[in-house]
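Structural overview for review
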Amino acid sequence: MRVGAFEEAAAAYAAALQGALPPEAAGEAWVGWGRALLAAEQPAEAARVLAQAPMEELPPEWARGVWTLRGDAQRAAGDPAGAAEAYRHALGLGSPLTAELRMRRALALQEAGRLEAAAAELRAALPAARNPSQEAAIRERLAETLEALQAYPAALEQYEAILAFARNRAYRAYIEWRAAQVLLAAGQTAEGYARLQQLIREAPDTLAAYNALVRLVEAGIPVPDDLRGRIDAAAGQCLPAVQAFERWIAAHPDHGDIHYEAARCYRDLGNLKAAHAHLDALIRDHPEASRWAEGWLEKGRLWLRSGAVEAAVALWRQFLARFPTHPFTPRLLYEAARLLERNGAEEAAEEFYRLLAERFPADPRAPEARHRQGVLAYGRGDLDAAAAAWEALRSQHPEAPEALAARFWLGKVALARGDRVRAEAEWQAVVAQASGRFLGERARMLLQGEDLTDLPETLDLLDPEAGRAEAEEWLRARLGITGTHPLSPSALWEDPLWQAGAEAWRVGWVEEARGLWTVLRQRVEGDPLALYALALAFREQGADALAVQAAARLLARLRVDPREAPPFLARLAYPVPYLDRVLEEARRHRLSPLLLYAVMRQESLFDPHAVSSARARGLMQIIPPTAREIAEALGQPYQESWLHRPAVSIAFGAYYLARQRDRFGGNLWVALAAYNGGPGNAARWWATARGDPDLFYERITLEETRRYLERVVEHLAVYRTLYAGRAE
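In this report, the structure presented in the accompanying data block is examined. Residue indices follow the written sequence of each chain, beginning from 1 at its first position. In view of the model being predicted, local features appear only for residues whose pLDDT reaches at least 70, and side-chain atom pairs are presented and counted only at 80 or more, with totals across whole chains, interfaces and linings using the full set of residues. Excluded from the side-chain calculations are hydrogens and water; all other atoms, namely the structure's heavy atoms, are used.

Of regular secondary structure, the protein chain possesses 40 helices and zero strands. Counting only C-alpha atoms, the protein chain reaches 85 × 75 × 60 Å along its principal axes. Within the protein chain, buried positions represent 53% of all 728 residues. Across the protein chain, contacts joining residues at least 24 apart in sequence account for 56% of those joining residues at least 6 apart. For the accessible areas, the method is Shrake-Rupley and the probe is 1.4 Å, while residue cover comes only from the protein chains on display. In the structure as shown, the protein chain presents an accessible area of about 31,500 Å², 50% of it carried by carbon and sulfur atoms. This count recognises Lys and Arg as positive and Asp and Glu as negative, with His and chain-terminal groups excluded. Every charge is mapped to an atom, namely NZ of Lys, CZ of Arg, CG of Asp or CD of Glu. Side-chain charges of the protein chain comprise 86 positive and 97 negative groups, with the mean position of each set lying 2 Å from the other. Each helix is a run of H or I in the DSSP string that is no shorter than four residues. Each strand is a run of E no shorter than two, and both are numbered from the N terminus. The classification of residues rests on relative accessible area computed with a 1.4 Å probe and restricted to protein chains. Under 20% of the type maximum is buried, over 50% is exposed, and intermediate values are partly exposed. Here a residue-residue contact requires only that any non-hydrogen atoms of the pair lie within 4.5 Å.

Encoded structure:
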């Protein structure tokens, strides 16, 4: 079950129930059987099986679980009336998931066409809401149900209640939109349109404002063209946006900033000629406009977009010559330098970074500018210019984070000049100052002549409980605990959040359990003992991500490096779950299991249900199109939902990482960047790195990929400390 072999797990539970089991074990088996069948996407079979469970013989908590799963199964199988009845039974047995069950029952009742009963169920759920977010979700669903019943005043009352406490701007705009729709449906058109007009004024950059604009235009209600254009532009509707902007410009002489907005929309439409024309008008005719200086930057960006690098550089130099002390000048220098660097115009970029650092040393971007100046000089082989930039950075900004990078790179310069002693001195200082962090680990690797390929293929596997007594003794001493004070606060397990989370986890409601237990962990952030107890409890439940979070917060609270903490505590924050699968795939693809664990920890924190904003899924965060390619290459069947099965995700992730390694000639630095940022980007960055992994890191233009590489290397350092050693 844990690795995603749901069909096999269902068969095992079925076989276990053929024999005589104690009530507790029988309840666990029935719930496990139902969960396995649902996870295997067999809801009808799950409903049929769970209907056979001897409810009167099961302990209440397991009977509740069976009824809950039966409700989920019947609803998924197309029997909402039966689902509503099953949820009613679960509620009758005293489930701690009152609000959640009532919401599911209400949805089932809606699907069964029993809207009044659904509304009553949602009203009953309100007193059980645990927090404002859940209350808002209940009230929103209740309002929608009341709308369907044409009970418009009651629906509006629910939306007003949400607005009384909701703070998120975009969500408030959405609720305002819904409230206006209720007023319009009720025939209160004047009030409804007035509400929509207020919405577009107060939140023009939201999707709700765009929907409101469409409704107002359809009703023939005038909206000022400048506002109309901004709303359209924010919603990505550039064609109507530029039409509105053009009308506004023609009718209003004070239109400077609208030239800027129009230019950006024309740019997104691919009409660079029109974009240039608007920026020319802004720069020439409207020096009073708030976006006037930004117009210079944007016009240069347009030149770069069309490949006219020299035109962009000339334009920006013109601004610098005419307005050397303008408040926008430091920003223009910084952003222009970044744009030029990313477009391959490194000489001009280096010049602009230098000007920013020299003319505006107090600007917060000056240290980074000095560092980039050094990187670009080093990249073209000018060691003297690179060293001068980094020495200036170290002397002028000794407290800036970039000063540490300067020290690291001065070590690289010294080595390139043949001064190994100076290089080692610089790197040793970096290790001392940044132990456990990316630069410190990279300096350590250079000192010891290591690379990412120098990773052990075996693990030092200890009993999971090894060192627990010593760790708890260390905890007691660290926290000043004497006597026999328990390290597991009993009140924690009586907390309603723990109990509700345990109930949700038992029936496979992972998202609900994670939310409940996360709130509990956040509540005890300041209590190291509670964090320790939660880390152990989450581990026992198989909630690896939550266990890692609690253990990591514990170590942070105690201000101890994981590599220096008692190994038992560090292993809670850096575990090795799914061990057999990881070792198998590591051997198959000639990867170190330590590397797979470092990647997995960074990708998903060992949460098989993780989904990213880019739709990457599972432990190894594979996006569906890539997963299909991998399945074809491996000759395996594939369904998108299988990416949440640990065995599938580990196999696909190991294959894909190995493929990137092989694509780049065994280079794991580039392979890791390709895994996160795409092989095309990685190839482009590597092409300008002169074979230097550190220069490659500096060439990465995606901030997410840079941070990804940093974190994986940092995780590797801990995993090496905890698990590298003798063969398993």
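This is not the end of the story, as more comes after the structure.
Let us now look at the layout of surface pockets. Lining residues are defined by having an atom within 4 Å of a point belonging to a cavity or pocket. Those points lie on a 1 Å grid over the protein atoms alone, cavities being sets where a 1.4 Å probe fits but cannot get out and pockets being open sets with protein on both sides within 12 Å along at least five of seven lines. Grid points are joined across faces, edges and corners, and a volume is the space filled by probe spheres set on the points. In this structure, the largest pocket encloses a volume near 1,500 Å³. For the largest pocket, the lining is made up of 45 residues, of which M1, R35, G508, V510 and H609 are closest to its centre. In terms of residue count, helix α2 (residues 23-39) provides more of the lining of the largest pocket than any other element does, seven residues in total. In this classification, the charged set is Asp, Glu, Lys and Arg, the nonpolar set is Ala, Val, Leu, Ile, Met, Phe, Trp, Tyr, Cys and Pro, and all remaining amino acids, among them Gly, are polar. Taken together, the residues of the lining of the largest pocket sort by class into 22 nonpolar, eight polar and 15 charged. There is about 920 Å³ of room inside the second largest pocket. Sorting the residues of the lining of the second largest pocket by element identifies α19 (329-342), α20 (346-359), α21 (366-379), α23 (401-416), α25 (438-448), α38 (679-687), α39 (693-699) and α40 (703-723) as the ones contributing at least two each. Residue classes in the lining of the second largest pocket are distributed as twelve nonpolar, four polar and 19 charged.

The next subject is the environment of Q237. With respect to the helices, strands and loops of the structure, Q237 is situated in the loop between α13 (225-234) and α14 (238-251). Sequence separation between Q237 and M600 is 363 residues; the distance between their C-alpha atoms is 39 Å. Contact partners of Q237, with chain neighbours within four places excluded, come to Y210 and D232.

Moving on, we come to the side chain of E698. Its location among the elements puts E698 in helix α39. Not counting residues up to four positions away in its chain, the partners in contact with E698 are H371, R372, V375, W409 and R706.

Time to look at α25. Burial of α25 is extensive: nine of the eleven residues sit out of reach of the surface. All of the buried residues in α25 are F438, L439, G440, E441, R442, A443, R444, M445 and L446. Buried positions along α25 lie against α23, α24 (420-433), α37 (668-677), α39 and α40. Once α25 ends, the next one or two residues include G449, with phi positive near 70°.

On to the pattern of salt bridges, then. Side chains carrying opposite charge are able to pair once their charged atoms draw close together. The working definition used for a salt bridge is a side-chain nitrogen of Lys or Arg within 4 Å of a carboxyl oxygen of Asp or Glu. According to the stated counting rule, one finds 72 salt bridges in the structure shown. One salt bridge connects D544 with R2, and the closest N-O pair in it is separated by 2.6 Å. On the criterion of sequence distance, the pair formed by D544 in helix α31 (residues 544-558) and R2 in the segment before α1 (6-16) is long-range, its members being 542 residues apart. According to the relative accessible area criterion, D544 is buried, its value standing at 10%. The partner of D226 in a salt bridge is R230, with the nearest N and O atoms 3.8 Å apart. Of this pair, D226 and R230 both sit in helix α13, four residues apart, roughly one helical turn. Judged by relative accessible area, which is 34%, R230 ranks as partly exposed. Look at the salt bridges and you will find they share partners, linking E261, R264, R267, D268, R291, E294, E298, R301, R331 and E335 into a network.

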